[in-house]
Amino acid sequence: MSSRSRLYQMFNHKLQKIKKYLINYLNKEFIFFSFASYISLILFIEKKDDSLHFCVDYRKLNALIKRDHYSLSLIDETFACIQESKYLTGLNIIVTFNKLRMHSDSEDLTIFIIFFDSYKYHIMLFELINESAFYQHYMNDMLFEYLHQFCQIYLDDIIIYSKILKKHKQHVWLILYRLQEINLQMNINKCKFHVQEIIFLELLIFIERLKMNSRKI
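Keep in mind that what you see is a predicted model, and the values were worked out from it rather than measured. (Residues numbered from 1 in each chain as written. Predicted model: local features only at pLDDT ≥ 70, side-chain atom pairs only at ≥ 80, totals over all residues. Heavy atoms only, no water.)

Colleague: Quick one: what's the story with the pattern of salt bridges, residue by residue and with numbers?
Modeller: In this structure the tally under the stated criterion is two salt bridges. Here K163 and E84 are joined by a salt bridge, their closest N and O atoms 3.2 Å apart. With a gap of 79 residues between them, K163 in the loop between β8 (157-162) and α5 (165-181) and E84 in the loop between α3 (75-82) and β4 (87-92) connect regions that are remote in the sequence. With respect to burial, K163 and E84 carry one shared label: exposed. Between E181 and R178 there is a salt bridge whose closest N-O contact spans 3.0 Å. Of this pair, E181 and R178 both sit in helix α5, three residues apart, roughly one helical turn. Judged by its relative accessible area of 61%, E181 is exposed. Residue classification places R178 among the partly exposed residues on the basis of a relative accessible area of 22%. (Salt bridge = Lys/Arg side-chain N within 4 Å of Asp/Glu carboxyl O. Helix = DSSP H or I, 4+ residues; strand = E, 2+ residues; numbered from the N terminus. Buried < 20%, exposed > 50% of the residue type's maximum accessible area, 1.4 Å probe, protein only.)

This is how it looks when you write it as structure tokens:
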């Protein structure tokens, strides 16, 4: 982070992508124009489909941030909760970091510069070192009433477990109603309802045992 850092070289197709990103995020009020004596640079990461992912180079900022060691879901803890369950449902949430707002005192630290101007974020960023812990905080808080009773959460994945089908359907609806209340959307293609095996925490979970997910081996 430095006002003296040199901008990374950008070609026209990247500049057009930057402008599209800025217009989208400015319209949503995720970013605002800003000025500061310290800034981060932007860069592009090439994805598997050869498309470009816009991101800010926060490596220097991340080196200064105090790590949040908030515990994520553990395999043993999850399996202990679902033992004796007969029905499983897995929900996949479309991760929405824009629901997590930056503290106003920290917003200036997110300022990034491009050729057109400099901007700062009002929302939590995937590129920041504690984003996973913050998002886990958020999901656990939102579903705290049901956590460890009949559901477990790992970031964008929720597993619901019950012994009786009728009760399981009630549990699923309680979670769905709560997600609707807080305006979280699901990726329905990745959801499984009322099954006896499911993938969670990179494991294939059966109602009676755990097994490694062969797709990840």
